[in-house]
Amino acid sequence: MKTILVFRHLDIESLGLWEEVALEHGVSFHYYDTYKEDFPSNLEEYSHLVILGGPQSVNEIEKYSFINRELEIIETFIKSGKPIVGVGLGAQMLAKVLGSRVYKSVPEIGWIEITMTRYALIDYLFSHFPKTLRVFTWHEETFDLPHGALRLAYNEWVPNQAFVYQKYVYALQFHLEMTPTMLLRWRNFYKNKDIRRPSIEGLPGFVPDGMYLPSSYEFFKRFLTIPREGEADEKS
């Protein structure tokens, strides 16, 4: 049976929409609160890895002692050839492990439009996306494209919105897992924070377009069926 290892960096984070997709396809998942130094003892038990977002910066290693250990586990998982997806902070962690710079960017908080690249047209997880898609985002940092990775999505302000590395490692700067309940939790948690968004007042609401939910569902369904690196060759 497939089991997803989920790294969480704040208790208001979750798989959201993707929980339902996993359960519908008979896939279990196990949350580890890495920010509490909560880590798995045996990686062999897990078929997939999802690295969720969070308010921390991957560059704040001295402030957050768990980051180094998490990066080590991510690197091990990449070497295992098992499917991985990182969102928000999780995407930045993947970029860091793959040798890229993570740095301050134009803050993106709320619903934005991203555009798919030509590589997305032939990618297993992205080929069903429309040319442009309205997605939710909440970040103040971004990353350079890692060596050997392919850019899958971009916009005017953040050129690296998503990438794939070796066909089984996916980094999303945006969030496809959002639900109204999750967003309400985020709004309550961050309501007293100093949130700066150009020309926008207040915190965002749940206002996706008609393609967001089906795109999210199909993305994660395909993620659950990515063959492990080398499996296709072994079966042929």
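Residues numbered from 1 in each chain as written. Predicted model: local features only at pLDDT ≥ 70, side-chain atom pairs only at ≥ 80, totals over all residues. Heavy atoms only, no water.

Draft legend 1. View of the environment of valine 169. Mapped onto the fold, valine 169 is located in strand 9 (residues 169-172). Considering only alpha carbons, one finds valine 169 and leucine 49, 120 residues apart in sequence, at a separation of 9.4 Å. Beyond its immediate sequence surroundings of up to four residues, valine 169 is in contact with Ile78, Ile84, Leu94, Phe163 and Val164. (Helix = DSSP H or I, 4+ residues; strand = E, 2+ residues; numbered from the N terminus. Contact = heavy atoms within 4.5 Å.)

Draft legend 2. Inspection of unusual backbone geometry at higher detail. Even without being glycine, glutamate 37 reaches a positive phi, approximately 65°. Note that glutamate 37 resides in the loop between strand 2 (28-33) and strand 3 (48-51). You can call glutamate 37 partly exposed: its relative accessible area is 42%. One non-glycine residue, lysine 167, lies in the positive phi region at around 70°. In this structure, lysine 167 sits in the loop between strand 8 (162-165) and strand 9. Looking at lysine 167, the relative accessible area reads 71%, which means it is exposed. (Buried < 20%, exposed > 50% of the residue type's maximum accessible area, 1.4 Å probe, protein only.)

Draft legend 3. Representation of the packing of aromatic side chains in the model. Per the stated rule, a full pass over the model turns up 19 aromatic pairs. Through a chain of ring-to-ring contacts, the aromatic side chains of Trp18, Phe126, Phe129, Tyr170, Phe219, Phe220 and Phe223 assemble into a single cluster. Stacked on the ring of tyrosine 119, the Lys or Arg arginine 118 has its end atom at 4.7 Å from the ring centre. If you follow arginine 222 out to its NZ or CZ, it ends over the ring of tyrosine 124, 5.9 Å from the centre. (Phe/Tyr/Trp six-rings, centres within 6.5 Å; stacked < 30°, edge-to-face > 60°. Lys NZ or Arg CZ within 6 Å of the ring centre and 35° of its normal.)

Draft legend 4. Quick look at the packing of helix 2 (residues 66-80) against helix 3 (residues 89-97). Two numbers describe how helix 2 lies on helix 3: the axes approach to 10 Å, and their chain directions differ by 70°. Taken together, the axis directions place helix 2 and helix 3 in an arrangement best described as roughly perpendicular. Here Phe66, Ile67, Glu70, Leu71, Ile74, Glu75 and Ile78 of helix 2 lie close against helix 3, whose contacting residues are Met93, Leu94, Lys96 and Val97. Here the residues of the contact of helix 2 with helix 3 are counted per class, giving 8 nonpolar, no polar and 3 charged. (Axes fitted to C-alpha atoms, helices over the stretch in contact; angles between N-to-C directions. Parallel < 35°, antiparallel > 145°, perpendicular 65-115°, else oblique. Nonpolar A, V, L, I, M, F, W, Y, C, P; charged D, E, K, R; others polar.)

Draft legend 5. Spatial organisation of the confidence of the model for the chain. Chain-level statistics for the chain give a pLDDT mean of 91 and a share of 91% at 70 or above. Per-residue pLDDT stays below 50 along residues 197-201; that stretch engages in 6 contacts with residues further than four places along the chain or on separate chains. Counting interchain partners and residues more than four positions distant, the pLDDT-below-50 stretch residues 232-236 has 0 contacts. (pLDDT = per-residue confidence, 0-100.)

Draft legend 6. Representation of the sheet that holds strand 9. In space, the 9 strands of this open sheet follow the order 2-1-3-4-9-8-7-5-6, with mixed pairing throughout. Edge positions in the open sheet fall to strand 2 and strand 6 (132-143), since each of these has one partner strand only. When strand polarity is set aside, the average angle formed by the axes of neighbouring strands in this sheet is 20°. Of the pairings in the sheet, the one linking strand 4 (residues 84-87) to strand 9 comprises 4 bridges and is parallel in character. Bridge pairing in strand 9 places isoleucine 84 opposite valine 169. Against the sheet, helix 1 (residues 17-24) contacts strand 1 (3-8), strand 2, strand 3, strand 4 and strand 9, and its axis sits at roughly 140° relative to strand 2. The strands touched by helix 3 within the sheet are strand 3, strand 4, strand 5 (102-116), strand 6, strand 8 and strand 9, with strand 4 carrying the most contacts at an inclination of about 120°. (Pairing = 2+ DSSP bridges.)

Draft legend 7. Focus on helix 3. The element helix 3 is extensively covered by neighbouring structure, given that 7 of its 9 residues are classed as buried. Residues Leu89, Gly90, Ala91, Gln92, Met93, Leu94 and Ala95 constitute the buried set of helix 3. Where helix 3 ends, the next residue or the one after it, glycine 99, has phi of about 95°, a positive value.

Draft legend 8. Structural context of the nonpolar core. Core analysis: the largest hydrophobic core is formed by 78 residues, its most contacted members being Trp18, Phe126, Leu172 and Leu176. With 7 residues, the single largest contributor to this core is helix 2. Contacts of phenylalanine 126, omitting those with residues within four sequence positions, involve Met116, Ala120, Leu152, Ala162, Tyr170, Leu172, Phe174 and Phe219. (Core = buried A, V, L, I, M, F, W, Y, C linked by side-chain atoms within 4.5 Å.)

Draft legend 9. Inspection of the side chain of serine 105 at higher detail. Along the chain, serine 105 falls in strand 5. For serine 105, a relative accessible area of 17% puts it in the buried group. Once residues within four sequence positions are removed from consideration, serine 105 is found in contact with His139, Glu140, Glu141, Thr142 and Val158.

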